[in-house]
Amino acid sequence: MIEQTLIVIKPDGVKRGLIGEIITRFEKRGFKIKALKMLNFSKEMAEEFYSPHKGKAFFNELIAFITSGPVVAMILEGNYALSVVRSMIGSTKSYEALSGTIRGDYGLGITDNVIHASDSKESFEREAKIIF
Ligand code: CMP
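Residues numbered from 1 in each chain as written. Predicted model: local features only at pLDDT ≥ 70, side-chain atom pairs only at ≥ 80, totals over all residues. Heavy atoms only, no water.

Draft legend 1. Seen up close, the environment of Gly90. Of note, Gly90 is situated in the loop between α5 (81-89) and α6 (102-106). Of the residues examined, Gly90 reaches a relative accessible area of 18% and is grouped as buried. Along the chain, Gly90 and Ile115 lie 25 residues apart, while their C-alpha atoms are 9.6 Å from each other. Setting aside chain neighbours within four positions, we find Gly90 in contact with Ala97, Thr101 and Arg103. (Helix = DSSP H or I, 4+ residues; strand = E, 2+ residues; numbered from the N terminus. Buried < 20%, exposed > 50% of the residue type's maximum accessible area, 1.4 Å probe, protein only. Contact = heavy atoms within 4.5 Å.)

Below, the structure written as structure tokens:
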């Protein structure tokens, strides 16, 4: 089943020079890049993007982090894109993410966990509207 999903390489991933490595992984897996953009999240965009987490203890830290530098966003298309991309990025807590996943290979943080990917079709549609 062909699906689309959205990924965002977070400010830590961009600062550390991981854009190319991450794009290469998705291209090699067979995903088509349908849209690609480098941008800075404004505070308003960030609060809308992460609105499902509003009220959580880490919300303010998350908004400060995602607005701290440029990010790279992409819409990827391919077979079962939503679940395959989530499995490729690994667990939210990078220190628990398995080696071989993006977070498991490139990070140890929670807030600074290198990459975001939509967790459902509804999230993809909501998130893509904010960025593209
Ligand atoms: P992401 O997949 O982009 O979705 C929500 C983000 O909140 C998550 O990645 C982390 O960057 C951040 N975050 C910070 N602290 C936590 C936490 N304790 N649990 C889950 N997410 C957290």
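Draft legend 2. Up close: unusual backbone geometry. Positive phi, close to 50 degrees, is recorded for Tyr80, a residue that is not glycine. Mapped onto the elements of the fold, Tyr80 is located in the loop between β3 (71-79) and α5. With a phi close to 70 degrees, Val114 is a non-glycine residue in the positive phi region. Mapped onto the elements, Val114 comes out in the loop between α6 and β4 (115-117).

Draft legend 3. Representation of the site of the ligand within the structure. For the ligand, the full set of nearby residues is Lys10, Tyr50, His53, Phe58, Leu62, Thr92, Arg103, Ile110, Thr111, Asn113 and His116. A distance of 3.0 Å separates an oxygen atom of the ligand from a polar side-chain atom of Tyr50. In this structure, His116 approaches the ligand through a side-chain N or O atom, which is 2.9 Å from an oxygen atom. For the ligand, whose free accessible area comes to 450 Å², the fraction covered by protein is 81%. Here the shell around the ligand is composed, by residue class, of 4 nonpolar, 5 polar and 2 charged. (Near = heavy atom within 4 Å. Polar contact = N/O pair within 3.5 Å; in protein donor to acceptor, adjacent residues only side chain to side chain. Areas by Shrake-Rupley, 256 points an atom, 1.4 Å probe, with all protein chains shown as cover. Nonpolar A, V, L, I, M, F, W, Y, C, P; charged D, E, K, R; others polar.)

Draft legend 4. Region of interest: the packing of aromatic side chains. Overall, the coordinates contain 3 aromatic pairs when judged by the stated rule. What links up through ring pairs into an aromatic cluster is the set Phe41, Phe49 and Tyr50. (Phe/Tyr/Trp six-rings, centres within 6.5 Å; stacked < 30°, edge-to-face > 60°.)

Draft legend 5. A look at the pattern of salt bridges. If you walk through the whole model with that rule in mind, you get 4 salt bridges. Where Glu47 meets Lys43, a salt bridge forms, and the shortest distance between an N and an O atom there is 3.0 Å. One end of the pair, Glu47, and the other, Lys43, are both in helix α3 (residues 43-49), 4 residues apart, so they sit about a helical turn from each other. Put simply, Glu125 and Lys121 hold a salt bridge, and the shortest N to O gap is 3.0 Å. Highlighted residues: Glu125 and Lys121, both in helix α7 (residues 121-131), separated by 4 residues, approximately one helical turn. (Salt bridge = Lys/Arg side-chain N within 4 Å of Asp/Glu carboxyl O.)

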